[in-house]
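Chain by chain, the residues:
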Amino acid sequence: TMHDVLICVGWFALSGHEFDLNVLAGILSVMGFSINDTIVVFDRVRENFRGMRADPMTILNKSVNQTLSRTVITSFVAFLSMLSLYIYGGDSLRGMAEAMIIGIVIGTLSSIFVACPLLTMGLLKVSKQDLLPKARDEEALARHLDGGAQLGMGEAIGGEGEDGAEDIAELVVVERPDDALRQG
């Protein structure tokens, strides 16, 4: 994330383009965009480490492949939006759009090609033990799932009553799924 911002700032320093508050807003947006992309990839890595039985390199590779289409599509749409701002937005938005275009390209490349490989090197090397939940977390999660309420999506259940009128009931919260089946 930091190198994405440094590359954007470096571009403005080398090119001599004006650096104003709009460019700063674009740089901060690049930081948020890059952090979000990296979080998506790392979340998939965490999920796959918990569920797959394979070596870390295979899990990291599969995680990047699973998030690749989402990352590319999101970046492409954001790139097109910023390109239209750059072309049609006028001089006031040109700097922000330029910063965002550079940042989107660099941020996408870094979340795909830099983020996961960093997890295989030196002090950042990750193992399956690093990503597994602690024993107390598993106990708390088990207690929460066993005794907690399960929220539904508020689906409407309807049908015709005895008088021909439509009866509608809304299901919002079910205390326990097995209790709901017995009451059903």
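In this report, we go over the structure that sits alongside the text. Just so we're clear, the structure is a prediction, and the values are computed from it rather than from any experiment.

This paragraph deals with the pattern of salt bridges. Applying the stated criterion to the full structure yields three salt bridges. Two residues, aspartate 37 and arginine 70, come together in a salt bridge whose shortest N-O distance is 3.1 Å. In this pair, aspartate 37 is assigned in helix H2 (residues 21-51) and arginine 70 in helix H3 (residues 56-88), connecting sequence segments 33 residues apart. For arginine 70, a relative accessible area of 30% gives the class partly exposed. Salt-bridge contacts for aspartate 43 lead to arginine 46; the nearest nitrogen and oxygen are separated by 2.2 Å.

Moving on: the packing of aromatic side chains. Counted under the stated rule, the structure contains one aromatic pair. With centroids separated by 6.1 Å and ring planes inclined at 85°, the aromatic side chains of phenylalanine 12 and phenylalanine 19 adopt a geometry described as edge-to-face. Under the relative-accessibility criterion, phenylalanine 19 is labelled partly exposed at 44%. Above the face of the tyrosine 86 ring, arginine 94 is positioned so that its terminal group lies 5.0 Å from the ring centre.

Where empty space is left becomes clear once a probe the size of a water molecule has been rolled over the atoms. Taken as a whole, the largest pocket holds about 170 Å³ of empty space. Lining the largest pocket are Phe12, His17, Glu18, Asp20, Asn22, Val23, Tyr86, Asp91, Ser92, Arg94, Gly95 and Glu98. If you list the elements that add at least two residues to the lining of the largest pocket, you get H2 and helix H4 (91-113). Here the lining of the largest pocket takes five residues from H4, the largest share from any one element. Looking at side-chain class alone, the lining of the largest pocket contains three nonpolar, four polar and five charged residues.

Rules and cut-offs
Residues numbered from 1 in each chain as written. Predicted model: local features only at pLDDT ≥ 70, side-chain atom pairs only at ≥ 80, totals over all residues. Heavy atoms only, no water. Salt bridge = Lys/Arg side-chain N within 4 Å of Asp/Glu carboxyl O. Helix = DSSP H or I, 4+ residues; strand = E, 2+ residues; numbered from the N terminus. Buried < 20%, exposed > 50% of the residue type's maximum accessible area, 1.4 Å probe, protein only. Phe/Tyr/Trp six-rings, centres within 6.5 Å; stacked < 30°, edge-to-face > 60°. Lys NZ or Arg CZ within 6 Å of the ring centre and 35° of its normal. 1 Å grid on protein atoms, 1.4 Å probe; cavity = no way out; pocket = protein on both sides within 12 Å on 5 of 7 lines; lining within 4 Å. Points joined across faces, edges and corners; volume = space filled by probe spheres on them. Nonpolar A, V, L, I, M, F, W, Y, C, P; charged D, E, K, R; others polar.

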